[in-house]
Amino acid sequence: MTLSVLVVGPTLVREGLRALLAQEEDFAVGAEAEYDFSDPSSPDVIVCCASAPEGVRELRVRWPQANVLVVADLAPAAASRLGNLGVIGLFPLTAEPDELIWAVRSVAQGRLTLHPTVLRALVAHLATGVPYLHSLRGGDVPGFLQDELAWVHRLTAPVTKA
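The following paragraphs examine the structure supplied in this document. (Residues numbered from 1 in each chain as written. Predicted model: local features only at pLDDT ≥ 70, side-chain atom pairs only at ≥ 80, totals over all residues. Heavy atoms only, no water.)

## Remarks on the environment of S41
Tracing the backbone shows S41 in the loop between β2 (27-31) and β3 (45-48). Accessibility expressed as a relative area gives 39% for S41, which makes it partly exposed. Each C-alpha atom, one on S41 and one on Q65, is 9.7 Å from the other, the two residues being 24 residues apart in sequence. (Helix = DSSP H or I, 4+ residues; strand = E, 2+ residues; numbered from the N terminus. Buried < 20%, exposed > 50% of the residue type's maximum accessible area, 1.4 Å probe, protein only.)

## A few points about helix α1 (residues 11-22)
Its 12 residues place the ends of α1 16 Å apart at the C-alpha level, agreeing with the 16 Å of an ideal helix rising 1.5 Å per residue. Taken residue by residue, α1 has R14, L17, L20 and L21 as its buried positions. What you see down the axis of α1 is that its buried residues fit within an arc of 135 degrees, all on one side. In this fold, the buried residues of α1 make contact with β1 (3-8), β2, β3 and α4 (97-108). (Expected span 1.5 Å × (residues − 1). Arc of directions from axis to C-beta. Contact = heavy atoms within 4.5 Å.)

## Some words on the packing of aromatic side chains
Applying the stated criterion to the full structure yields zero aromatic pairs. Seen from the ring of W63, R62 lies directly overhead, with NZ or CZ sitting 5.5 Å from the centre. (Phe/Tyr/Trp six-rings, centres within 6.5 Å; stacked < 30°, edge-to-face > 60°. Lys NZ or Arg CZ within 6 Å of the ring centre and 35° of its normal.)

## Considering the sheet that holds strand β4 (residues 67-71)
The six strands are arranged β2-β1-β3-β4-β5-β6 in an open sheet whose pairing can be described as parallel. The outermost strands of the open sheet, each flanked by one partner alone, are β2 and β6 (113-114). Inspection of the sheet shows β1 paired to β2 by five bridges, in the parallel sense. Residue pairing for β2: L3 is matched across the bridge by F27. The strands touched by α4 are β1, β2, β3, β4, β5 (87-91) and β6; relative to β4, the strand with the most contacts, the crossing angle is about 155 degrees. (Pairing = 2+ DSSP bridges. Axes fitted to C-alpha atoms, helices over the stretch in contact; angles between N-to-C directions.)

Written as structure tokens, this is what we have:
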């Protein structure tokens, strides 16, 4: 099965990611500059090099069925906001090429895919000031936004096999 991948972002990063991903035989990779935006078919995965939620929001409106992987160095609060927009993959710019290729495949399958450094930063951010992380399951926790609680719930939810 061929995965349709759209790469969006600043020219230098976008072209580097496009060149890397295009080496995979099962990826059909298009870059933002050459993508036919009038084409109603949705890419399977959007690899986005953006830290601004506005850009991700526009992509999600245009292609709501596409899974989104953001490749950027983000503060935990920004990563949390992107999660609310339906981003299911977060990887830093320092990720290894094979890690990124794996992440694209994982995101294409609809799996929450976080690089270990991103996961550690998110959990540390969310756990700040909370004596027991499991206490978050109870609902509202003072000092936490609903989107932050949603990330913790996603991170700690049992994995189900399809």
